[in-house]
Amino acid sequence: MTLSVDPHSADRALAATGLLKTFNDAGVIGAAEVHAATRLHELYRPDAEPDENVRLGLAIALRALRAGSVCVDLRRAHELVLDAEVAPDADLPWPEPDVWWASLMASGLVDDADAPDTGAPLRRRGGLLYPARHFNDEENLRAWLNSSPASPTAVDGEMLRSSLDELFDGSLLPEGSSDQQRLAAVIAAHGSRLVLAGGPGTGKTRTVARILAVLARLHAQTGETNPPRVALAAPTGKAAARLTESIIEARGDLPPHWSSFLDGIPAATTLHRLLGYRPSQGFTRGRDAPLPHDIVVVDEMSMVALHLMARLLDALPAHCRLICVGDPDQLASVEAGAVMADITATGGTQSSAAETAHLQSFAAPAHPFPAVLAPPVVRLQHTFRFTGGIADLADAIRRGDPDATVSVLTAGHEDVTFSDVDAATAGQTVLAPVRERVIAHGRRLHAAADAGDATTALDLLEHHRLLCAHRDGLWGVAAWESRIHEWLDEAVPLSDAASEHDWYVGLPLLNTANQPDIGLANGDTGIVIRTPSGLRAAFTVGDTPALLPALVLNAARPMRALTIHKSQGSQFSEVTVVLPPPESPLLTRELLYTAISRARRHVHVIGSAESVRRAVVHPANRASGLGR
Ligand SMILES: Nc1ncnc2c1ncn2[C@@H]1O[C@H](COP(=O)(O)OP(=O)(O)OP(=O)(O)O)[C@@H](O)[C@H]1O
């Protein structure tokens, strides 16, 4: 099958020639890659005849970036690049890899990883071709992962042991299983790096709060009068707000004489803000202006792109501990890289026998640590919050087992329902349960909004969310927005609700830009409520509802449905997931896992079993050189 590419598409580069034209016509590379490859070749080799293979290498490396990969294995370029789109399987004239490499290395446009950096735009490591900037960022991360941990003798062992016995007693774990939360605390106490990986409800935040308390106690013991300077950060404003809330909650769960160790920790901020990002200057924190902190915690690491991670590592002072927290099975960052998944798959450097024995000595007798330790990565596996269908479903998806996933979906669990239909063509009868759910939720939202009760309305907003993979098209957010609007208009009805500026009482809103002047971040959600002064949008700013007029909200749009990508970092009591057809390029294991793990109490999946199976067996394929 050859992909028919619209000859008038903006992605067609009319001036392209040779291999660039062939691959552009086939839809493998876009106009942007054709232009960039041509330009870079001219810039770096103004005197040389354009070499077809070299220009294609440049374009493919850039195309891979657009698909989320920081490098490309030239032997498998056809798989990697085509993976991101509706794939042509045409017989394209891919250069023979050895010949391709020979052309690239002779071009002066590629520096080998082990040779001096001449400033060429591409780098080679083994069989991988990188844009130079991404190569350097990956090297930065590799060096951090492989750096040797701090000396174990720096820790007051007795104090650490007694702290662990109080805060990490492992009492809810099955006898004989490793207490991974305690292991995380031991590793954090001994070194400057911890990567804490785990699914929802595995106790990541609770563990972080307790680690911070233990570190503060150990710090005080050294005679320091000031507590350690801690920064909490996350990739988005929404995730930062949630981290702040979760840490406050976890603090409330600490024994009273421990909670004061968390006094004075500022609210979480976005990573960009922590690193002093200014649109005109870029990141103002870096090697020359390091962060002033002793401990930095970054949550929702799966959303952190390689580039951002590298800037963070640049800005860490040598003594600073970095604790990275996240779920490696979720969708990766919008920009290239899959840092969290790569780090957890790679592991760190394995401990020596002496180090392992030392770390082991901090395990509780009933919960010995694993025999092989690879700091800094610790994976939490025991789920404390979820039981039943959602946990089983998440597990089956994570394991990549399509039969088990479909079995859980159809097993009749109380917390999982499945409509095995194509959501776009399903009739009213099949969709009746979704309609009822949406209407019941809409009525409650409307009642609270009409009464001007911002707190209740904002709380209710988190009770149910409909999530789609796509923004547009029959299975996308836009189609579901109008379908839900129609359902509600019949049932509530919305035409009776007061309306101004296209707003009406009870309309959920999504803010789509960062607006620090009014305290809103991109991704914040709110709801239109009635107030004595007219309609206002209620958004949570800090920990209280702010009532904002339409005038200041130029980037807010209706939100009856949300993309799964945008829902990352949030959780809802109930979630309805609309799956696209099996041939959708967005349908990946990470997408399905992220969607269902947004649900706290109930998940409803609407989509064919074939779509479910296709997602489960199709992990997102982001190439990187870590672990090779
Ligand atoms: N070792 C433990 N003993 C008892 N309860 C625990 C333990 N670990 C976690 N919990 C409880 O499990 C629940 C989930 O914990 P927590 O919020 O820390 O998980 P999480 O991994 O951060 O979840 P999410 O990713 O969904 O935010 C909390 O109520 C917490 O108190």
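Residues numbered from 1 in each chain as written. Predicted model: local features only at pLDDT ≥ 70, side-chain atom pairs only at ≥ 80, totals over all residues. Heavy atoms only, no water.

### Some points on the site of the ligand
Now for step 1: Around the ligand sit 15 residues, and of these G201, K204, T205, R206 and R385 come closest.
Now for step 2: One of the side-chain N or O atoms of R242 is found 3.2 Å from an oxygen atom in the ligand.
Now for step 3: Per element, the largest residue contribution to the shell around the ligand is three residues, and it comes from helix α9 (residues 204-221).
Now for step 4: Per-class residue counts for the shell around the ligand are three nonpolar, seven polar and five charged. (Near = heavy atom within 4 Å. Polar contact = N/O pair within 3.5 Å; in protein donor to acceptor, adjacent residues only side chain to side chain. Helix = DSSP H or I, 4+ residues; strand = E, 2+ residues; numbered from the N terminus. Nonpolar A, V, L, I, M, F, W, Y, C, P; charged D, E, K, R; others polar.)

### With respect to the environment of V541
Now for step 1: With respect to the helices, strands and loops of the structure, V541 is situated in strand β19 (residues 534-541).
Now for step 2: Through-space distance from the C-alpha of V541 to that of A521 is 9.4 Å; in sequence the pair is 20 residues apart.
Now for step 3: Non-local contacts of V541, meaning those with residues more than four positions away in its chain, are made with I518, G519, L520 and A546. (Contact = heavy atoms within 4.5 Å.)

### Some details on the sheet that holds strand β4 (residues 128-131)
Now for step 1: Strands sit in the order β1-β4-β3-β2 across an open sheet of four strands; the sheet is mixed. Every interior strand has two partners, whereas the edge strands, β1 (72-73) and β2 (110-112), have only one.
Now for step 2: Sheet topology places β2 next to strand β3 (residues 122-125); three bridges connect them, and they run parallel. Following the sheet pairing, D112 is matched in β3 by R124.
Now for step 3: Strand contacts of helix α3 (residues 52-66): β1, β3 and β4, with the helix running at about 75 degrees to β4, the strand carrying the most contacts. (Pairing = 2+ DSSP bridges. Axes fitted to C-alpha atoms, helices over the stretch in contact; angles between N-to-C directions.)

### Regarding the side chain of T244
Now for step 1: Tracing the backbone through its elements, the reader meets T244 in helix α10 (residues 237-252).
Now for step 2: The exposure class assigned to T244 is buried, which follows from its relative accessible area of 19%.
Now for step 3: Dropping the residues within four chain positions of it, T244 is found in contact with A267 and A268. (Buried < 20%, exposed > 50% of the residue type's maximum accessible area, 1.4 Å probe, protein only.)

### Some points on the side chain of Q180
Now for step 1: When you line up the elements, Q180 lands in helix α8 (residues 180-190).
Now for step 2: When its relative accessible area of 15% is taken as the criterion, Q180 is described as buried.
Now for step 3: In terms of polar contacts, Q180 uses its side chain to reach the backbone carbonyl oxygen of R379, at 3.1 Å.
Now for step 4: Among all residues touching Q180, those that are not within four sequence positions of it are P370, V378, R379 and L380.

### Side note on the domain arrangement of the protein chain
Now for step 1: When its domains are assigned, the protein chain resolves into domain 1 (18-144), domain 2 (155-380) and domain 3 (389-499 + 553-617).
Now for step 2: In this structure, domain 1 and domain 3 have C-alpha centres spaced 39 Å apart. (Domains from an automatic or database assignment.)

### Quick notes on the packing of helix α7 (residues 157-167) against α9
Now for step 1: Between α7 and α9, whose axes approach to 10 Å, the crossing angle comes to 150 degrees. When the interaxial angle is binned, α7 and α9 end up roughly antiparallel. Here the hand of the crossing between α7 and α9 comes out right-handed. Of α9, the residues touching α7 (which contributes M159, L160, S162, S163, E166 and L167) are R210, A213, V214, R217, L218 and Q221. (Parallel < 35°, antiparallel > 145°, perpendicular 65-115°, else oblique. Left-handed = near helix turned anticlockwise from the far one by under 90°.)

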